[in-house]
Amino acid sequence: MTEKILLIDDEQDFLTVMSERMEARNMQVSTASSAKEGLEKVAAGNFDAVILDLMMPEMDGIETLKLLKEKNPDLAVILLTGHATIKQGIEAMKLGALDLLEKPADLNTLTEKIHAAQAQKMLIIEKKNEEMINKIISTKGW
């Protein structure tokens, strides 16, 4: 199954190169060059994972992560940075980031994280469907 990914980064060259490399691995990739654009795309779409730059103008990755998780707590978000501090990494994980990887990210490692995110999403969907079925069955008295 093809993973649906959103890349959010203010560096256009990075977006171009990463999206091409991920598409070569049979992933469906959308891009956003700002946190605001990324939030709009997440609101309008359904993604298996969001790859988010930590350091961006206007709104950084931590603020963006908070907003993403408020709207969709189950969304898998992987932060990328060239300027990580331990404090930022801990904060990102507390806020629900799947991982924090340093740029340039190893594509094999990133791909593994994306596969794990998609598997996690499928388990969440399966659990929610099971809960909905059980609720229907219990209210119908079958």
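Predicted model only: the values in this text are computed from it and were never measured. (Residues numbered from 1 in each chain as written. Predicted model: local features only at pLDDT ≥ 70, side-chain atom pairs only at ≥ 80, totals over all residues. Heavy atoms only, no water.)

Engineer: Explain the sheet that holds strand E2 (residues 28–32) here, please?
Structural biologist: Across a sheet, paired strands are connected by hydrogen bonds in the backbone, their directions being either parallel or antiparallel. Ordered by their spatial adjacency, 5 strands build an open sheet running E2-E1-E3-E4-E5, and the pairing between neighbours is parallel. Both outer strands of the open sheet, E2 and strand E5 (99–102), are each paired with one neighbouring strand and no more. Geometrically, the sheet is characterised by an average inter-axis angle of 20° between neighbouring strands, direction not taken into account. The sheet contact formed by strand E3 (residues 49–53) and strand E4 (residues 77–81) spans 4 bridges and is parallel. (Pairing = 2+ DSSP bridges. Helix = DSSP H or I, 4+ residues; strand = E, 2+ residues; numbered from the N terminus. Axes fitted to C-alpha atoms, helices over the stretch in contact; angles between N-to-C directions.)

Engineer: Teacher, can you tell me more about the packing of helix H1 (residues 12–23) against helix H5 (residues 107–140) here?
Structural biologist: Angle between the axes and distance between the axes are the two parameters that describe a pair of packed helices. Close contact between H1 and H5 brings their axes to 12 Å; oriented N to C, the two are set at 65°. Classed by the angle they form, the pair H1 and H5 counts as roughly perpendicular. Of the two possible hands of crossing, H1 and H5 adopt the one that is right-handed. Note on element contacts: H5 touches H1 through Leu107, Leu110 and Ile114, opposite Met18, Arg21 and Met22. Here the residues of the contact of H1 with H5 are counted per class, giving 5 nonpolar, no polar and 1 charged. (Parallel < 35°, antiparallel > 145°, perpendicular 65-115°, else oblique. Left-handed = near helix turned anticlockwise from the far one by under 90°. Contact = heavy atoms within 4.5 Å. Nonpolar A, V, L, I, M, F, W, Y, C, P; charged D, E, K, R; others polar.)

Engineer: What am I meant to see in the packing of aromatic side chains here?
Structural biologist: Two aromatic rings are characterised by how far apart their centres lie and by the angle between their planes. This model, assessed by the stated rule, comprises 0 aromatic pairs. A cation sits over an aromatic face here: Lys4 above Phe47, 5.3 Å from the ring centre. (Phe/Tyr/Trp six-rings, centres within 6.5 Å; stacked < 30°, edge-to-face > 60°. Lys NZ or Arg CZ within 6 Å of the ring centre and 35° of its normal.)

Engineer: Even after reading the chapter, I still don't get the nonpolar core, so can you show me in this structure?
Structural biologist: Inside soluble globular proteins, nonpolar side chains tend to come together where they are buried. In terms of nonpolar packing, the biggest core is built from 20 residues, with Val50, Leu52, Leu68 and Leu79 touching the most fellow members. Secondary-structure elements contributing two or more residues to this core are strand E1 (4–8), helix H2 (35–44), E3, helix H3 (61–71) and E4. Once residues within four sequence positions are removed from consideration, Leu52 is found in contact with Ile8, Gly61, Thr64, Leu65, Leu68, Val77, Ile78, Leu79 and Leu80. Counting 19 residues, the second largest nonpolar core, distinct from the first, contains Leu15, Met27, Ala105 and Leu107. (Core = buried A, V, L, I, M, F, W, Y, C linked by side-chain atoms within 4.5 Å. Buried < 20%, exposed > 50% of the residue type's maximum accessible area, 1.4 Å probe, protein only.)

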